[in-house]
Amino acid sequence: MAENITNKDIVKEENLVFKKTSLFTEKPLSYCPGCGHGTAHRLVLETIEEMGIQSETIGIAPVGCSVLAYEFMDIDMQQAAHGRAPALATAIKRLYPEKFVFTYQGDGDLAAIGTAETIHACNRGENIVIIFVNNGIYGMTGGQMAPTTLPGMKSSTSPYGREVISMGNPLKMTELVAQLPGTYYVTRQAVHTPGAVRKAKKAIKQAFENQKLNKGVSFVEIVSNCNSGWKMEPVQANEWMVENMFPFYPLGDIKVPAEQ
Amino acid sequence: MKELRLMKGNEAIAEAAIRAGVDGYFGYPITPQSEVLEYLMAEQPEKRTGMVVLQAESEVAAINMVYGGAGAGKKVMTSSSSPGISLKQEGITYIAGAELPCLIVNVVRGGPGLGTIQPAQSDYFQSVKGGGHGDYRLIVLAPASVQEMYDFVGLAFELAFKYRNPALILSDGAIGQMMEKVEISDQIPRWTNEEIKKMSPWATTGKTPDRPHNIITSLDLDPHKQEDFNHKLQAKYREIEKNEVRFEEIQTEDAEYLFVAYGTSSRICQKSIQMARAKGIKVGLLRPITLFPFPSARLLELSKQVKGILTVEMSAGQMIEDVKLAVRCSIPVEHYGRMGGIIPSPAEVLTALEQNFL
Ligand SMILES: Cc1ncc(C[n+]2csc(CCOP(=O)(O)OP(=O)(O)O)c2C)c(N)n1
Ligand code: SF4
Ligand SMILES: [Mg+2]
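Bear in mind the structure is a predicted one, so any value in this text is a computation, not a measurement.

Position of A:Lys99 among the secondary structure elements: in the loop between α4 (85-95) and β3 (100-106). The side chain of A:Lys99 is buried and forms no salt bridge, while A:Glu98, the nearest opposite charge, is found at 4.6 Å. Separated by 2.7 Å, the side chain of A:Lys99 and the backbone oxygen of B:Thr205 make a polar contact. Filtering out sequence-adjacent residues up to four positions away, A:Lys99 remains in contact with A:Ser55, A:Glu56, A:Ile58, A:Lys93, A:Gln211 and B:Thr205.

Here you go:
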């Protein structure tokens, strides 16, 4: 009978609908409330946990808000110089071909200072996973313009909005790397709704599974928010992202292996 | 008998790397050291030992590949020449800050800027004082022959792993390009992944249940912890200074004057000594083999015996500062050097000695 049900009866394996992945460390996430980085971390860690590859995985943290990813992820990790994560990953994967190697990078890291490392790792077809969190801004340093900042978008170094004529055009790095023969799987996802999270999770898992095939880079962009850098509240930031970022950075697969 | 081969200095570096059981070489072409990568590509060491060789898209990428491999416990190296070494400084300071062992080879050419492709010794400051940002030191070895190019690869890795510190071989275009007889050592097997886990328990080899996750980083946002870490680094450098000073002395027993020179310049000085002694001038040579740590203590001793020191460098005079500090300016220390890729002649060096001291 209902009144006799205790906590003990409820907390059971078969009733479990959600649990924190055991691959998160005990360290509280340092991200701003509402930031997409935390969810992106979770999806990577859930994937590694579900695949049972913790002891075979080496991750590379970038310079950016996720510089401390290694504090939160209970896996062996290296912290790269700004933009250089794909170079580290290249060497580690070649020296340990049987391991799973991934980079986790922001848009400033991957698409500005690390452009050469990104393009060449992708073009060589390094057998790694690249997780690319694109929030259209330099979050960590206080909201400066990134290569991905939208035309007209305000940032601390484009205070009147990005003027394309003088500041250049935003760079669609994901479309660019999809052109390269060395990328195997290229997709663009988001983590702002439960539905989007489910799709992003599937994409990340696909990317990690691909490493078993030895067929090149699996590149997962996650279009995300930066409430602090955008100077918006979390809900407002997500709405702004849907209205402005998604039309410019449309979600979905960009390059899918023929076999899939 | 050991196998003897006639080799270029750059080729000796490459063959020594394979024989030393190096796991990975990452490089980018630049004169006068491109033969290192060319030799390795031709030799296909992946077939000999399983060694990975990769031509990177830039020196920046190459050194960051070294950073990745070193963090994962592997024996990894890169080589370049001056302009390329400048690009590598970012990676080198991260490697020093993360306390990782690796080998960097600089086959120096004249600068500044694109300079020249001819040999020089003008990267001394960059090599021995750090090079990139922050308070750090590299272990710096200065070969003076093709044999030493070969031998110092193994020695550099030994020291790098002993102290978890990057080591640098500071050579120059003359030693890189010249051919000499080299005694080839036996093949040392590459470490297995199991051996790496035991020897370097800090390496990112994949987190297993028996240990916490390993993190390779140079970041600590807490200034007190960062200061503690810097103290730890400095203590390590003092330990290296205590244990690892290496130098060679030639005819110093009765010397009244002293040349101090490393690498190519030290070989010129040997000829100058013969010429000087034929004239009755008692001069000797101290050749630092390690530039960091510097043979300061021995120089201080010698300063009580000799009347003057001439440092000979293919630069405007960089090492001379360390010599002056070592002898506490107790005796005259003068510099003779040529720049821009010009190698001084033994006669010029002797004239400089005479003009300064006699
Ligand atoms: C060589 C170098 N240049 C600049 C910086 C300063 N910096 C730190 S994070 C960052 C931007 C990071 O932006 P992004 O990659 O988009 O990451 P986010 O914080 O937005 O997640 C910059 C410029 C640095 N640490 N190193
Ligand atoms: S600054 Fe932006 S990217 Fe960084 S944690 Fe905050 S919201 Fe996220
Ligand atoms: Mg960003």
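Looking now at the site of ligand 2. Inspection of the region around ligand 2 gives A:Tyr31, A:Cys32, A:Cys35, A:His37, A:Cys65, A:Asn135, A:Gly139, A:Cys226, A:Asn227 and A:Ser228 as its neighbouring residues. Tallied by class, residues from the shell around ligand 2 come to 5 nonpolar, 5 polar and no charged.

Residue and element names in this part refer to chain A. Note on the magnesium ion (ligand 3): its protein donors are Asp107 (OD), Asn135 (OD1) and Ile137 (O). The metal-donor distances range over 2.0 to 2.1 Å. Coordination of the magnesium ion (ligand 3) draws on donor residues from a single chain, spaced D-x27-N-x1-I in sequence. Of the two residues, aspartate 107 sits in helix α5 (residues 107-113) while asparagine 135 sits in the loop between β4 (129-134) and β5 (137-138), which places them 28 residues apart along the sequence. Classification of asparagine 135 by relative accessible area gives buried; the value is 6%.

A few words now on the interface of chain A and chain B. Counting residues at the interface gives 35 residues for chain A and 35 residues for chain B. Here chain A meets chain B over a buried area of about 2,800 Å², counting both sides, of which 59% is carbon and sulfur. It is A:Asp76, A:Leu95 and A:Tyr96 that lose the most area in chain A upon contact with chain B, and together they represent 24% of the buried surface on that side. Our count for the contact surface shared by chain A and chain B stands at 3 salt bridges.

Quick look at the domain arrangement of chain B now. Residue and element names in this part refer to chain B. Along its sequence, chain B is carved into domain 1 (3-193) and domain 2 (247-357). Domain 1 puts 28 residues into the contact, and the matching count from domain 2 is 26 residues. Together domain 1 and domain 2 conceal approximately 2,100 Å² of surface at their shared face, both sides included; 54% is due to carbon and sulfur atoms. It is Gln121, Tyr124 and Phe125 that lose the most area in domain 1 upon contact with domain 2, and together they represent 34% of the buried surface on that side. Here domain 1 and domain 2 share 3 salt bridges between them. The shortest N-O distance in the salt bridge between glutamate 148 and arginine 287 comes to 2.8 Å. Counting across the interface, domain 1 meets domain 2 through 15 residue pairs in polar contact (both at pLDDT 80 or more). At the level of secondary structure, the elements contributing two or more residues to the side of domain 1 that touches domain 2 comprise α6 (124-128), β6 (139-141), α7 (146-163), β7 (166-172) and α8 (173-177). Taken together, the residues of the side of domain 1 that touches domain 2 sort by class into 17 nonpolar, 5 polar and 6 charged.

Another point: the packing of helix α1 (residues 9-19) of chain B against α7(B). Residue and element names in this part refer to chain B. Where α1 contacts α7, the two axes come as close as 8 Å, and the packing angle between them is 25°. Here α7 runs roughly parallel to α1, going by the angle between their axes. The way α1 lies across α7 gives a crossing that is right-handed. On α7, the residues that touch Gly9, Asn10, Ala12, Ile13, Glu15, Ala16, Ala17 and Arg19 of α1 are Val146, Met149, Tyr150 and Val153. When grouped by side-chain class, the residues that make up the contact of α1 with α7 number 8 nonpolar, 2 polar and 2 charged.

Attention shifts here to the packing of helix α2 (residues 36-51) of chain A against helix α9 (residues 194-210) of chain A. Residues and elements named next belong to chain A. Relative orientation of the contacting elements α2 and α9 amounts to 50°, with a least axis distance of 9 Å. One way to sum up the angle between α2 and α9 is to call them oblique. Relative to α9, the crossing made by α2 is right-handed. When α2 is examined against α9, the residues Thr39, Arg42, Leu43, Val44, Glu46, Thr47, Ile48, Glu50 and Met51 are found in contact with a partner set consisting of Val197, Ala200, Lys201, Ile204, Lys205, Phe208 and Glu209. Here the residues of the contact of α2 with α9 are counted per class, giving 8 nonpolar, 2 polar and 6 charged.

This paragraph deals with the site of ligand 1. All names here are of chain A. Looking at ligand 1, there are 16 residues lining it, with His37, Cys65, Asp107, Asp109 and Gly139 nearest. Glycine 108 is positioned such that a nitrogen or oxygen atom in its backbone is 2.9 Å from an oxygen atom of ligand 1. Asparagine 135 places a polar side-chain atom, nitrogen or oxygen, 3.1 Å from an oxygen atom of ligand 1. With the chains in place, 76% of the 600 Å² that ligand 1 exposes on its own is no longer accessible. Looking at the shell around ligand 1, the elements with two or more residues in it are α5 and β5. For the shell around ligand 1, the leading source of residues is α5, giving 4 residues. Along the lines of polarity and charge, the residues of the shell around ligand 1 split into 6 nonpolar, 8 polar and 2 charged.

All names here are of chain B. Looking at the secondary structure, you find alanine 56 in the loop between β3 (52-55) and α4 (59-71). Each C-alpha atom, one on alanine 56 and one on alanine 156, is 23 Å from the other, the two residues being 100 residues apart in sequence. With residues near it in sequence (within four places) discarded, alanine 56 still touches Gly27, Tyr28, Ala61, Ala62 and Met65.

The rules behind each value
Here, residues in each chain are numbered from 1, in the same order as that chain's written sequence. Chains and ligands are labelled by the order in which they are written, letters from A for the one and numbers from 1 for the other. pLDDT decides what is reported in this predicted model: residues at 70 or higher carry local features, side-chain atom pairs at 80 or more are listed and counted, and totals for whole chains, interfaces and linings draw on all residues regardless. To obtain the side-chain values, all non-hydrogen atoms of the structure were used and water was disregarded. To qualify as a helix, a DSSP run of H or I must reach at least 4 residues; to qualify as a strand, a run of E must reach at least 2; elements of each kind are numbered from the N terminus. Relative accessibility decides the category of a residue: with a 1.4 Å probe and only protein chains considered, values under 20% of the type maximum give buried, values over 50% give exposed, and everything between is partly exposed. When charges are counted, Lys and Arg contribute as positive and Asp and Glu as negative, whereas His and the chain ends are disregarded. Salt bridges are identified by distance alone: a Lys or Arg side-chain nitrogen within 4 Å of an Asp or Glu carboxyl oxygen. Polar contacts here mean pairs of N or O atoms no more than 3.5 Å apart (in protein, one a potential hydrogen donor and the other a potential acceptor; neighbouring residues in sequence count only if both atoms are side-chain atoms). Only heavy atoms enter the contact rule, under which two residues are in contact if any of them lie within 4.5 Å. A single heavy atom is enough: if one lies within 4 Å of a molecule or strand, its residue is considered near that molecule or strand. Here the nonpolar group is Ala, Val, Leu, Ile, Met, Phe, Trp, Tyr, Cys and Pro; Asp, Glu, Lys and Arg are the charged ones; every other residue, Gly included, is treated as polar. Counted as donors are the N, O and S atoms within 2.8 Å of the metal, or 3.2 Å for Na, K and Ca, while water is not among the atoms, so some sites may look incomplete. Two parts lose some accessible area (1.4 Å probe) when they are put together, and adding that loss for both gives the buried area. The source of the domain bounds is an automatic or database domain assignment. Lines fitted to C-alpha atoms define the axes, with helix axes restricted to the stretch in contact, and inter-axis angles between N-to-C directions lie between 0 and 180 degrees. An angle below 35 degrees is treated as roughly parallel, one above 145 as roughly antiparallel, one from 65 to 115 as roughly perpendicular, and anything else as oblique. If you view the pair so one helix is near and one far, a crossing is left-handed when the near helix is turned anticlockwise from the far one by less than a right angle, and right-handed when it is turned clockwise. Here the open area of atoms and residues is found with the Shrake-Rupley method and a 1.4 Å probe, where only the protein chains shown may cover a residue.

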